[in-house]
Amino acid sequence: MSKSGYADMPLHYGKVPQWLAVRMSRLGGAISEAIVMEYGRSALLSRLSDPFWFQSLGCVLGMDWHSSGITTSVMGALKGALNKRSAELGIYICGGRGKYSLQTPTELAAIGERTGLDAHKLVQASKLSAKVDNTAIQDGFQLYLHSFILTGDGEWAVVQQGMNTGNRLARRYHWHSPSVQSFTEAPHQGIYGINQGTILNLTDIEATQAKTAIVGLTQETPDKVVEEIRRLVMPAHHDVRGKDVDMKRLGTVLALAHEQGVQDFESLLLLQGVGPRTLQSLALVSEVIHGAPVRFRDPARFSFAHGGKDGHPFPVPEKVYDETITLLETGIRKAKIGEPERQEALKSLSKTAAALEQQFEPNDRFDDWVAEERRQSWLYGGRTVQGRAKSPDSRAQQLELF
């Protein structure tokens, strides 16, 4: 078992405004359902246990692209959306932040009664995963969030987060049951936080002798270095910059939305009538649902679907967000009654973008494009925690970006 990676997440405080929380729950629920329908429940848990995909999901839902708040808000949105339909989808989410994390054993016991799953075993997995990340790994981060995701088949994943108030950083830990052979020997699917150097990690596969020594000589404290596999460093700057995204992939999405350089649009005919701004968002949502793991190494790119509640890279376009939700939910409903064409059209977006990417050469107009998004934000119901976006000076000229 190897870890998925490490990354730095600055600690951010505050609440998600209700207007965004409702939309996050609907879109997050629809994305999750689309994944379950297309690839199965196990695939959803596998994605949630990938630190890069999880961050990308948070970005496409309109959260701050690099902050610790993504973890709390995304898990809260998914819990609210999926638990209402757990009997249908076979997905259950327990726990949460603070006092809600303490309710995990009770919630698991109730699920066990309804499903026949071994609740005692699941509670043990929940407690051990928290104990490992809070005690066996002494990296300066105190857990304050614990979410336990479970399928009706008994497969589970854990997403939990700790904070270090001294350096104002957060670290997120990911677990996935198929990858856990032992709770005390390299159990993580991924750890999401900045590398702090030499720390005490008694779950490291190289710590077997140290654990044996501790049993006999409890006064000794062996130090082991956490192996880095995939490392994602989320920078301190709050704005999104060109260096934070893969410009070739982002540029491809923009070109796709505006039909620039695309020769074959047969696969997109069922999306006729969808404006270029919504098509841009749908392309990024499509990739979150259908994209390969290697395509999530620049999570900031997915903030260009629906912006961010803090205005970075631009205000959340409510009208576009709502149209994206409606199109996705409608496609799911039609697929259930034997009309999968709309879902296939959405799926084709990620394929079309990947094909276009092969020959695409991005320009250096990143800052211009962000400025244009902000200038037009009011047209799409742009909104941040500070309020509505305002119409710019009427004399401002629209930029030609292609």
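I will try to describe carefully the structure that is included in this document. (Residues numbered from 1 in each chain as written. Predicted model: local features only at pLDDT ≥ 70, side-chain atom pairs only at ≥ 80, totals over all residues. Heavy atoms only, no water.)

This next bit is on the pattern of salt bridges. Overall, the coordinates contain 23 salt bridges when judged by the stated rule. Note that E318 and R388 form a salt bridge whose closest N and O atoms lie 2.5 Å from each other. Here R388 lies in strand β11 (residues 387–388) and E318 lies in helix α12 (residues 318–336), a separation of 70 residues in the sequence. Under the relative-accessibility criterion, E318 is labelled buried at 6%. Between E372 and R375 there is a salt bridge; the shortest N-O distance is 3.3 Å. Here E372 pairs with R375, and both are found in helix α14 (residues 366–376), just three residues apart, close to one helical turn. (Salt bridge = Lys/Arg side-chain N within 4 Å of Asp/Glu carboxyl O. Helix = DSSP H or I, 4+ residues; strand = E, 2+ residues; numbered from the N terminus. Buried < 20%, exposed > 50% of the residue type's maximum accessible area, 1.4 Å probe, protein only.)

Another point: the pairing of strand β2 (residues 91–97). In terms of residue burial, β2 counts as a mostly covered element, since six of its seven residues are buried. For β2 and strand β4 (residues 142–151), the ladder comprises seven bridges, and the chain directions are antiparallel. From the neighbouring strand, I91 faces β4, where its bridge partner is T151. (Pairing = 2+ DSSP bridges.)

What follows deals with the sheet that holds β11. Sheets are built from strands that pair by backbone hydrogen bonding, the pairs being arranged parallel or antiparallel. In space, the three strands of this open sheet follow the order β9-β10-β11, with antiparallel pairing throughout. Every interior strand has two partners, whereas the edge strands, β9 (316–317) and β11, have only one. As paired strands, strand β10 (residues 382–384) and β11 are joined by two bridges and run antiparallel to one another. Directly across from R383, in β11, lies its bridge partner R388.

Treat this as a map of the structure, not an account of what it does.
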